[in-house]
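If you want the building blocks of each chain, they are given just below.
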Amino acid sequence: MESVADAPIDTPDYAANAKYIRPWFWYDWANSAFVTTIGTVLYGPYITSIAKAAACPGQDSDLDCAVNLHVLGIPIAPGSLAPYTTTFATLLSAVVLIFVGAIADRMDRPARFLGACAWLGALSAAGLFFVTGTRWQLGAILMLFATVFLGSSLVVYDSILNQIAAPDDRDRVSSRGWALGYLGGGLLLAVNLVLVTMHDTFGLSTGMAVRISMLSAALWWGLFAIIPIKGMWDLRGVETPVAARNEGAVAGSLKQLSSTFCDLRAHHPQTMLFLLAYLFYNDGIQTVISASSLYGAEELKFEQSQLIALILLVQFVAFGGALLFGRIAAKLGAWRTVLGSLGIWTIIVVAAYFVPEKAFIPFILLGVAIGIVLGGSQALSRSLYSQLVPNGREAEYFSLYQAMERGTSWFGTLLFGLVYQLTHTYRLAIVALIIFFVLGGFLLSRVDIREGIRQAGNEQPAIV
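Every value quoted in this text rests on a predicted model; they were computed, and no experiment measured them.

## Quick word on helix H13 (residues 334-353)
Because each turn of an α-helix spans 3.6 residues, side chains separated by three or four positions in sequence point in the same direction.
Step number 1: Taking 1.5 Å of rise per residue, 20 residues should cover 28 Å, and H13 covers 29 Å from first to last C-alpha, within 8% of that figure.
Step number 2: Taken together, the buried positions of H13 are Ala334, Trp335, Thr337, Val338, Ser341, Leu342, Trp345, Ile348, Val349 and Ala352. Take H13 and look down its axis: the buried residues cluster within an arc of 145°, on one side only.

## Here's the deal with a positive patch on the surface
Step number 1: Together, Arg22, Arg176, Arg327 and Lys331 line one region of the surface with positive charge.
Step number 2: Summarising the element assignment, Arg327 is placed in helix H12 (residues 304-332).

## Concerning the packing of H13 against helix H18 (residues 434-445)
Step number 1: Taken N-terminus to C-terminus, the directions of H13 and H18 make an angle of 165°; their axes are 9 Å apart at the nearest point. As judged from the angle between their axes, H13 and H18 are roughly antiparallel. The handedness of the crossing between H13 and H18 comes out as left-handed. Taken together, the residues of H18 that come into contact with H13 (itself represented by Trp335, Val338, Leu339, Leu342, Trp345, Thr346, Val349 and Val350) are Ile434, Phe437, Gly440, Gly441, Leu444 and Ser445.
Step number 2: Of the residues in the contact of H13 with H18, the class split is ten nonpolar, four polar and no charged.

## Description of the pattern of salt bridges
Step number 1: A full pass over the atoms with the stated rule returns nine salt bridges.
Step number 2: With a closest N to O distance of 3.7 Å, Arg172 and Asp169 form a salt bridge.
Step number 3: When its relative accessible area of 37% is taken as the criterion, Arg172 is described as partly exposed.
Step number 4: Each of Asp28, Asp158 and Arg382 takes part in salt bridges that share partners, so that together they form one network.

## Considering the packing of aromatic side chains
Step number 1: Applying the stated criterion to the full structure yields 25 aromatic pairs.
Step number 2: Ring geometry for Phe145 versus Phe149: centroids 6.5 Å apart, planes at 25°, classification stacked. Linking Phe145 with Phe149, this pair stays in helix H5 (residues 136-164), spanning four residues, or about one helical turn.
Step number 3: By relative accessible area, Phe145 is classed as partly exposed at 42%.
Step number 4: Of the residues examined, Phe149 reaches a relative accessible area of 22% and is grouped as partly exposed.
Step number 5: Judged by centre distance (5.2 Å) and plane angle (70°), the rings of Phe302 and Phe360 are edge-to-face. Of the two residues, Phe302 sits in the loop between helix H11 (269-299) and H12 while Phe360 sits in helix H14 (residues 360-386), which places them 58 residues apart along the sequence.
Step number 6: Taking the relative accessible area as the measure of exposure, Phe302 reaches 5% and is therefore buried.
Step number 7: Here the aromatic residues Phe274, Tyr278, Tyr281, Tyr385, Phe398 and Tyr401 are joined through ring pairs into a cluster of three or more.
Step number 8: Directly above the ring of Phe129 sits Arg211, whose terminal nitrogen or CZ lies 4.4 Å from the centroid.

## Points about the nonpolar core
Step number 1: With 74 residues, the main nonpolar core has Trp24, Tyr27, Phe34, Ile38 and Trp221 as its most contacted residues.
Step number 2: For this core, the elements supplying multiple residues, two or more each, are helix H2 (21-55), helix H3 (81-104), helix H4 (110-126), H5, helix H6 (170-197), helix H7 (206-224) and H12.
Step number 3: Broken down by element, the residue count for this core peaks at 18 residues, all from H2.
Step number 4: If sequence neighbours within four positions are ignored, Trp221 has contacts with Tyr27, Ala30, Asn31, Phe34, Ala118, Gly121, Ala122, Ala125, Ala146 and Leu150.
Step number 5: Residues Leu264, Phe280, Ala291 and Leu374 belong to the second largest nonpolar core, which totals 67 residues.

Conventions and cut-offs
- Residues numbered from 1 in each chain as written.
- Predicted model: local features only at pLDDT ≥ 70, side-chain atom pairs only at ≥ 80, totals over all residues.
- Heavy atoms only, no water.
- Helix = DSSP H or I, 4+ residues; strand = E, 2+ residues; numbered from the N terminus.
- Expected span 1.5 Å × (residues − 1).
- Buried < 20%, exposed > 50% of the residue type's maximum accessible area, 1.4 Å probe, protein only.
- Arc of directions from axis to C-beta.
- Patch = residues over 30% accessible without salt bridge, like charges linked within 9 Å, V, L, I, M, F, W, Y side chains within 5 Å.
- Areas by Shrake-Rupley, 256 points an atom, 1.4 Å probe, with all protein chains shown as cover.
- Salt bridge = Lys/Arg side-chain N within 4 Å of Asp/Glu carboxyl O.
- Lys, Arg positive; Asp, Glu negative; His and termini not counted.
- Charge placed at Lys NZ, Arg CZ, Asp CG, Glu CD.
- Axes fitted to C-alpha atoms, helices over the stretch in contact; angles between N-to-C directions.
- Parallel < 35°, antiparallel > 145°, perpendicular 65-115°, else oblique.
- Left-handed = near helix turned anticlockwise from the far one by under 90°.
- Contact = heavy atoms within 4.5 Å.
- Nonpolar A, V, L, I, M, F, W, Y, C, P; charged D, E, K, R; others polar.
- Phe/Tyr/Trp six-rings, centres within 6.5 Å; stacked < 30°, edge-to-face > 60°.
- Lys NZ or Arg CZ within 6 Å of the ring centre and 35° of its normal.
- Core = buried A, V, L, I, M, F, W, Y, C linked by side-chain atoms within 4.5 Å.

This is how it looks when you write it as structure tokens:
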């Protein structure tokens, strides 16, 4: 597509703000340890074993437990607890993060708010160390808080991309951030792989090794978050109009929230269509990620050490995949590249259904395929959406985006849990996710990116 010169008024000083790009990268590095070690690998199988111990005391955790847990009188199969926890976290996030975005846009120094959310999230994640015995309720609550705080921090983090990177640079910057995140998450996971695999050598039980690994991810998140927070401390947020400042934080945020939905529907239909597409295909991606270890452990009967090794492989492949997709997008555009990745995701889900029990080599091949498309589809979705966000309302609009972002899938985990509860097989649960990639791809194909950028009043990049 040809470039269109429709530059907005009050465009950020990208040359001056370029110094914040390097510290900005480091928050991907920091939070990916939680997403990988806890969210992707350890939490699902560990909380499932805790839930089984509560529902069926004395039974081997490798066996199915037919006794339900109960939350407010609602029966929950122990095997559905992990996906249901993610579902509830998303429902809560869908409300909380929208308010977070409205508040964050009114803050003078976004790094302060980023730090508060990051450290509260890391503290919640650290509490998982104390989830032992049959304390599945504590594990679910802590994961709920950690997930919501992660999403809140990412609302601010993603919105900063619009201030520090020019439109033509965002695919590259976003892809490098995701790549660094996969590298950092992979390095810590490698250490945890050694700890869990060789737990007897260190005089630890499997459960203690898992708890220490989750604690290490929380500490990694909290400590490395210092780099981006300190590095971007002087970055100023978009100046709020005087009238808005006089309204106060709560009243002003509520008014701004109402304005967001009215403005989105009336003036930014392409942005709204993109969000709808993203809701579906990202839910599919997030559910595949969060359910992969559960699927491998419960349906395919792999050992925990095998699953950690596989996720570790995915992390390092995803590092290269994110950079590769960034280069492809530079030639074909992010829109076409993301559409192509959704076709690959569909093939992956179908193939996962046919993987035989304990057939590790086919599962490894699927992991490599996931790694190639994982980072690229997520990084380019972020940069593509950034083009559709009105200037000065970045956090406000990214709150809508982040409510559907990693670790907070909604419909996908709900469907996955329901299908398992009804059929008691994870194979049908995983293949049911095809619908999210098909619907998401169809809706994304209908988005007119150029028109959406024009509606947002943003500068048109050379390639979209």
